[in-house]
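Single-letter residue listing:
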Amino acid sequence: MFAYIVRRMFQSVIVLLVVGLVAFSMFRFVGDPIDNMLGQERTQADIDRLRTELGLDQPFVLQYAKFLKGAAQGNFGVSYRQGRPVSTILLERAPATLELAFVSGFLAITMGIALGVFTAIRRQGMAANVIMTVSLIGVSLPTFLIGILLIYIFSVELDLLPSFGRGETVMIGKWSTGFLTTSGLKALILPAITLGLYQMTLIMRLVRSEMLEVLRADYVRFARARGLSDRVINFRHALKNTLVPVITITGLQLGSIIAFAIITETVFQWPGVGLLFINAIQFVDIPVMAAYLMLISVMFVTINLVVDLLYYAIDPRLRVDARAT
Amino acid sequence: MSDTMETQKAAPKTRMAKLWDSDFAWSFRHSPVAVIASLIVVILVLAAIFAPLIAPYNPFDPATLNLMNGFTPPGTPNAFTQETFLLGTDDQGRDVFSTILYGLRISLFVGASAVLLALIIGVVLGLIAAYFGGWVETLIMRIADVQLTFPAILVAMLIFGIAKGITPPEYRNEMAIYVLIIAIALSDWVQFARVVRGAALVEKNKEYVQAARLIGRGSFPIMFRHILPNVLSPVLVIATISLALAIIAEATLSFLGVGAPPTQPSLGTLIRIGQGFLFSGEWWILFFPACTLLALALAVNLLGDWLRDALNPKLR
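Residues numbered from 1 in each chain as written. Chains lettered and ligands numbered in written order. Predicted model: local features only at pLDDT ≥ 70, side-chain atom pairs only at ≥ 80, totals over all residues. Heavy atoms only, no water.

Trainee: Where do I start with the confidence of the model for chain B in this structure?
Mentor: Reading fine detail from the predicted coordinates is not recommended where pLDDT is low. Residue and element names in this part refer to chain B. Looking at chain B, the pLDDT average stands at 81 and 90% of residues meet or exceed 70. Between the elements of chain B, mean pLDDT differs from a low of 46, seen in helix α1 (residues 2-10), to a high of 91, seen in helix α6 (residues 96-132). As scored by the predictor, the complex reaches a pTM of 0.82 and an ipTM of 0.78. (pLDDT = per-residue confidence, 0-100. Helix = DSSP H or I, 4+ residues; strand = E, 2+ residues; numbered from the N terminus.)

Written out as structure tokens, the structure is:
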């Protein structure tokens, strides 16, 4: 067990170092940082001075080490476009994305599991068939079209919900939250549905197929023979055993939510980190891009690690295998 | 004598007829979904190829544009010029039907090229990994694993951003399409590499490969002439599903403004432009490109699903 954890953590660190190298290379080779910082009227003396100041005359490995040290302390330099430290901008934008991701993740997991169990139990039912068909369309629809469709129905035609922005926010310390105002909550509905829908259908289909498999298993048949009630069989015995793959996929999907948030945030002009990243790409704002890359890879690697370890903890069969080899 | 008779008799049975009789064609004929989906794909592909012939206007020739035609609703004559447009016009008086045809062309071109490039990269690396093994395999598959932890769309965005930074500003618009192809291809090759490696690992130890090695054929001829044809059918399935994903990825990137530029609009770019007119009531600028994209993605997706079932011997 211990060796396994150490090995996985070692792999994660290597991944982060490689991603760091990519981010650093972006800084170093995509566009000349000197060009970006000095204006048209520069002298060779200015260039040389800035070069030494930024440490660009030092060997590559040393620069890379310096970059990693800065990144670990949350120092990613200054945004070319806004002229402010990248870390400040990211901290400002983070609450919007995290609140959105949290709500849609919650929505996807609860609704996904509930609908999955429902469609598995009532496999032949009319409602289950309708849900399955709709979910197929949901998987094929690109996220941004779902967003536009929702805006069209609920903002343009019905005029019920706002189509862009976060509404009013309240500052709690440094955290700006939209949970406490009516307009903030209203603004959250459409983006959260847009972002969560795809993951929800995914979780639902997974729970359904796992559930159908488990319901055929001998121990379920035996439980039925014992005369246990349907509710106990379905939820106590069957659902519990479907959860192992569901947890893995859900965990990995957590990362996708953050990535797909880029699309949702652009559709709804939601002032989060994703919108910041898209704008950074459009204007080739390298420091912001590099910082976002580092941030998101730390998150992905952590999620993967946690999911792997959780998987190991939940499924006893894996532990036996590991001991055997 | 009877032998020649037989061959003569069998001669009219051409390759096409043989194909028609195969299991594969049989399952195609008996799946209405596959027939309809492939019909839609064929129509859209033909429309894209012959766009300059079909399109009533060339939307990118400023000489044919008349600003007075702007915002003409579909099927009704314009208030000033009395011209009618099948699917209406956008703000600059461009015929929406024509822009969709040209947009479809770009979407399909980018999608197909990206999948082809991803397929080549993936198949070559997958074969190399399986055939040589050792540290080459470890290196390739590790890179694949790392890349797989990140969603493809994010990888594509990042590659697009970096490429944009490298190309000089004056070439950015012209290069955008090719950068897009490379970005999507590099975000997608892992699927191919993994599947090819898995299949090739099995093939590698079969007798025909050993025989080829025994008569002294080189590594690369064995890999590409002998093993490759035997691992192609799963590749075909993944390629079809990848095509649907690549088309959606392209549309998404273009919609976000990090893909095809407004001077060469793909379906995604058209939807991005159309979104701006959602609130002012000009729904057709958004609606028709969105429907086209949806039909294309859905049809290719369904075709891929059917192909997966048809080529899977377990389900026969």
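Trainee: What exactly am I supposed to notice about the pattern of salt bridges here?
Mentor: Side chains bearing opposite charge may pair, as long as their charged atoms lie close to each other. In this structure the tally under the stated criterion is six salt bridges over all chains. Linking Arg84(A) and Glu92(A) is a salt bridge whose minimum nitrogen-to-oxygen distance equals 3.0 Å. With its nearest N and O atoms 3.3 Å apart, the salt bridge here joins Asp230(A) to Arg224(A). Classification of Arg224(A) by relative accessible area gives partly exposed; the value is 40%. If you follow the salt bridges from partner to partner, you end up with Arg142(B), Asp145(B) and Arg194(B) in one network. (Salt bridge = Lys/Arg side-chain N within 4 Å of Asp/Glu carboxyl O. Buried < 20%, exposed > 50% of the residue type's maximum accessible area, 1.4 Å probe, protein only.)

Trainee: Help me out: how do you make sense of a nonpolar patch on the surface in this one?
Mentor: Residues and elements named next belong to chain A. A grouping of Leu98, Phe102, Val170, Ile172, Trp175, Phe179, Leu180 and Leu185 is seen on the molecular surface, where their side chains present a nonpolar patch of about 750 Å² in accessible area. If you list the elements that add at least two residues to the nonpolar patch, you get α5 (86-121) and β1 (170-172). For Val170, the position within the fold is in strand β1. (Patch = residues over 30% accessible without salt bridge, like charges linked within 9 Å, V, L, I, M, F, W, Y side chains within 5 Å. Areas by Shrake-Rupley, 256 points an atom, 1.4 Å probe, with all protein chains shown as cover.)

Trainee: Even after reading the chapter, I still don't get the nonpolar core, so can you show me in this structure?
Mentor: Soluble globular proteins: nonpolar side chains tend toward being buried together. Ranked by size, the top nonpolar core spans 142 residues in total, and within it Phe144(A), Ile148(A), Phe277(A), Leu154(B), Met157(B) and Ile271(B) carry the most contacts. Tallying contributions element by element places α6(B) first for this core, with 17 residues. Beyond its immediate stretch of four places on either side in the chain, Ile271(B) contacts Phe144(A), Leu145(A), Ile148(A), Phe255(B), Leu286(B), Pro289(B), Ala290(B) and Leu293(B). Within the second largest apolar cluster, 20 residues are counted, among which are Met132(A), Met200(A), Leu215(A) and Ala223(A). (Core = buried A, V, L, I, M, F, W, Y, C linked by side-chain atoms within 4.5 Å. Contact = heavy atoms within 4.5 Å.)

Trainee: Can you walk me through the side chain of Ser254(B) in this structure?
Mentor: All names here are of chain B. In this structure, Ser254 sits in helix α13 (residues 232-255). Here the side chain of Ser254 touches Ala260 through a polar contact of 3.1 Å, landing on its backbone nitrogen. A distance of 3.3 Å separates polar atoms of two side chains, one belonging to Ser254 and the other to Ser266. Contact partners of Ser254, with chain neighbours within four places excluded, come to Leu180, Gly259, Ala260, Ser266, Gly268, Thr269 and Arg272. (Polar contact = N/O pair within 3.5 Å; in protein donor to acceptor, adjacent residues only side chain to side chain.)

Trainee: Hey, could you run me through the interface of chain B and chain A in this one?
Mentor: A common way to express how large an interface is: the accessible area buried when the components associate. In this complex, chain B contributes 34 residues to the contact, which on the side of chain A involves 36 residues. Carbon and sulfur atoms make up 83% of the surface buried where chain B meets chain A, a total of about 3,100 Å² over both sides. Summed over the shared surface of chain B and chain A, the number is zero salt bridges. For the pair chain B and chain A, the interface holds one residue pair in polar contact (both at pLDDT 80 or more). In terms of residue count, the dominant contributor to the side of chain B that touches chain A is helix α8 (residues 152-166) of chain B (ten residues). Partitioning the side of chain B that touches chain A into residue classes produces 23 nonpolar, seven polar and four charged. (Buried area = accessible area lost by both parts, 1.4 Å probe. Nonpolar A, V, L, I, M, F, W, Y, C, P; charged D, E, K, R; others polar.)

Trainee: What should I look at first to understand the packing of aromatic side chains in this one?
Mentor: Aromatic ring pairs are defined here through the distance separating the ring centres and the angle between the ring planes. Residue and element names in this part refer to chain B. For the structure on display, the rule yields ten aromatic pairs over all chains. Plain terms: the ring middles of Trp283 and Phe287 are 5.7 Å apart, the flat faces sit at 70° to each other, and that makes the pair edge-to-face. Residue Trp283 is classed as partly exposed on the basis of its relative accessible area, which comes to 38%. The class of Phe287 is partly exposed, set by a relative accessible area of 43%. In this structure an aromatic cluster arises from ring pairing among Tyr131, Phe132, Phe220 and Phe224. (Phe/Tyr/Trp six-rings, centres within 6.5 Å; stacked < 30°, edge-to-face > 60°.)

Trainee: Would you mind showing me how to read the environment of Leu150(A) here?
Mentor: Residues and elements named next belong to chain A. Examined against the element boundaries, Leu150 turns out to sit in helix α7 (residues 143-157). Through-space distance from the C-alpha of Leu150 to that of Ser163 is 8.8 Å; in sequence the pair is 13 residues apart. Setting aside its immediate chain neighbours within four residues, Leu150 contacts Ser155, Leu190, Ile193 and Thr194.

Trainee: Looking at this structure, how should I read the packing of α5(A) against helix α10 (residues 230-267) of chain A?
Mentor: All names here are of chain A. At their nearest, the axes of α5 and α10 sit 9 Å apart, and the two run at 145° to each other. The two elements α5 and α10 meet at a crossing, and its hand is right-handed. Contact residues: α5 offers Thr97, Leu100, Ala101, Ser104, Gly105, Ile109, Ile113, Val117 and Ile121, while α10 offers Asn234, Phe235, Leu239, Leu243, Thr250, Ile257, Ile258, Ala261 and Glu265. In the contact of α5 with α10, the residues fall into twelve nonpolar, five polar and one charged. (Axes fitted to C-alpha atoms, helices over the stretch in contact; angles between N-to-C directions. Left-handed = near helix turned anticlockwise from the far one by under 90°.)

Trainee: Sorry if this is basic, but what is going on with unusual backbone geometry here?
Mentor: Residues apart from glycine generally show negative phi values, whereas peptide bonds are mostly found in trans. All names here are of chain A. One non-glycine residue, Gln269, lies in positive phi territory at about 45°. Tracing the backbone shows Gln269 in the loop between α10 and α11 (273-282). For Gln269, a relative accessible area of 43% puts it in the partly exposed group.

Trainee: How do you make sense of the environment of Val258(B) when you look at a structure like this?
Mentor: Here Val258(B) shows up in the loop between α13 and α14 (267-275). For Val258(B), a relative accessible area of 1% gives the class buried. Val258(B) sits 71 residues away from Ser187(B) along the chain, and the two C-alpha atoms are 15 Å apart. Every residue in contact with Val258(B), bar those within four places of it in the chain, is listed here: Ile278(A), Ile281(A), Gln282(A), Phe160(B), Leu180(B) and Leu253(B).

Trainee: Would you mind showing me how to read α14(B) here?
Mentor: One turn of the α-helix equals 3.6 residues, which is why residues spaced by three or four share an orientation. Leu267(B), Gly268(B), Thr269(B), Leu270(B), Ile271(B) and Gly274(B) are the residues of α14(B) that are buried. Considering only its buried residues, α14(B) is in contact with α7 of chain A together with α6, α13 and α15 (284-311) of chain B.

Trainee: Mind showing me how you'd approach the packing of α6(B) against helix α10 (residues 189-204) of chain B here?
Mentor: Relative placement of two packed helices is described by the angle separating their axes and the distance separating the axes. All names here are of chain B. Where α6 contacts α10, the axes come no closer than 7 Å and their chain directions differ by 35°. Handedness of the crossing formed by α6 with α10: right-handed. Taking contact as the criterion, the partners of Val115, Ala118, Leu119, Ile121, Gly122, Val123, Leu125, Gly126, Leu127, Ala129, Ala130 and Tyr131 in α6 are, on α10, Trp189, Phe192, Ala193, Val196, Arg197, Ala200, Leu201 and Lys204. Its residues assigned to classes, the contact of α6 with α10 comprises 16 nonpolar, two polar and two charged.

Trainee: Where do I start with the side chain of Asn304(A) in this structure?
Mentor: Considering the arrangement of structural elements, one finds Asn304(A) in helix α12 (residues 286-314). Its relative accessible area of 14% is what places Asn304(A) among the buried residues. With near-sequence residues (within four places) excluded, Asn304(A) lies in contact with Arg8(A), Leu252(A) and Thr149(B).

Trainee: I'm lost on the environment of Leu239(A) in this one. Help?
Mentor: All names here are of chain A. Topologically, Leu239 is positioned in helix α10. Linking Leu239 and Val207, residues 32 residues apart in sequence, is a C-alpha distance of 8.3 Å. Once residues within four sequence positions are removed from consideration, Leu239 is found in contact with Ile113, Val117, Met211 and Asn234.

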